[in-house]
Amino acid sequence: MPGLNIRIHLQMLDKGARTLQARSNLSNAGTKHLEALRPHLERIAPVKSFTVHNTGASPFPEIVKATREIGRLLGKDAAADALIERTHETFETAAARCGLLRDRRLFFVSFMDPHHVRVYGRNGIFQDVMDRMGLTNAWDRPTNGWGFATVGLEQLAGVGNSHLFYLDPVPPDVLESLGRSPLWQQMPFVRKARIDRFPSVLMFGALPAMSRFANLLAAFGERDAG
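Residues numbered from 1 in each chain as written. Predicted model: local features only at pLDDT ≥ 70, side-chain atom pairs only at ≥ 80, totals over all residues. Heavy atoms only, no water.

Caption draft 1: Representation of unusual backbone geometry in the model. For the bond from Asp168 to Pro169, the omega torsion is -5°, close enough to zero to count as cis. Mapping Pro169 onto the fold places it in the loop between β5 (162-167) and α7 (174-179). Residues other than glycine seldom take positive phi values, yet Asn123 does so here, at roughly 80°. Within the secondary structure layout, Asn123 lies in the loop between β2 (116-120) and α6 (125-133). You can call Asn123 buried: its relative accessible area is 18%. Despite not being glycine, Ala193 has its phi angle at roughly 55°, a positive value. Structurally, the position occupied by Ala193 is in the loop between α9 (188-191) and β6 (195-198). (Helix = DSSP H or I, 4+ residues; strand = E, 2+ residues; numbered from the N terminus. Buried < 20%, exposed > 50% of the residue type's maximum accessible area, 1.4 Å probe, protein only.)

Next up, the structure:
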């Protein structure tokens, strides 16, 4: 804008660099897709990344390890330990609220289109949370390193005593199409009205996402118990 004099003080620049460094250190994505940004970020501040997903194994141990390392880097060891402890407490208290869900086999899916879903299982945080809450995942077949498999709807059939949760967001017209699908109408969880829309949870997240998932599950358990 004409007449606007913009001055950048070294103190402000230094503060911005420290903020960026903290934000970079707090990033737990650890994905190769973000590594391309490293050279650009390193011109501004030191960068630390953590590989916690797509390891072909449970991400939970790596998430805990990364949390403790971030706490050390920021001089917040006690805060990191407190976050880990609160997460374990959330699993315990949420598990006690799950009611009838304990006796069911639970599907967690994201709709890709009216014929395919991404179903979540081993190697992902949803499985890790369910394991710690004593819940049973209906999908016990292989997944990729990220903890999901993309399959046709017919792969969800044949699982008795199941309950399906589908995560937001849902592509347009999917639910309407499913309402006209004979295959979908014959699914055990549809016939028993055990199907729910599940609020969005960052499936590639860390401890806060895991706590959110646990509490949301507990809320559905309490609803069904009522």
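Caption draft 2: Spatial organisation of the pattern of salt bridges. Summed over all chains, the structure comprises 11 salt bridges. One salt bridge in this structure joins Arg105 and Asp140, with 3.8 Å as the shortest N-O distance. One end of the pair, Arg105, is in strand β1 (residues 105-113); the other, Asp140, is in the loop between β3 (136-137) and β4 (148-152), with 35 residues separating them in the sequence. For Arg105, a relative accessible area of 30% corresponds to the partly exposed category. Salt-bridge contacts for Arg223 lead to Asp196; the nearest nitrogen and oxygen are separated by 2.7 Å. With Arg223 in helix α10 (residues 207-225) and Asp196 in strand β6, this pair connects stretches of sequence that are 27 residues apart. Arg223 sits in the partly exposed class, given a relative accessible area of 42%. By sharing partners, the salt bridges in this structure join Arg104, Asp196, Arg223 and Asp224 into a single network. (Salt bridge = Lys/Arg side-chain N within 4 Å of Asp/Glu carboxyl O.)

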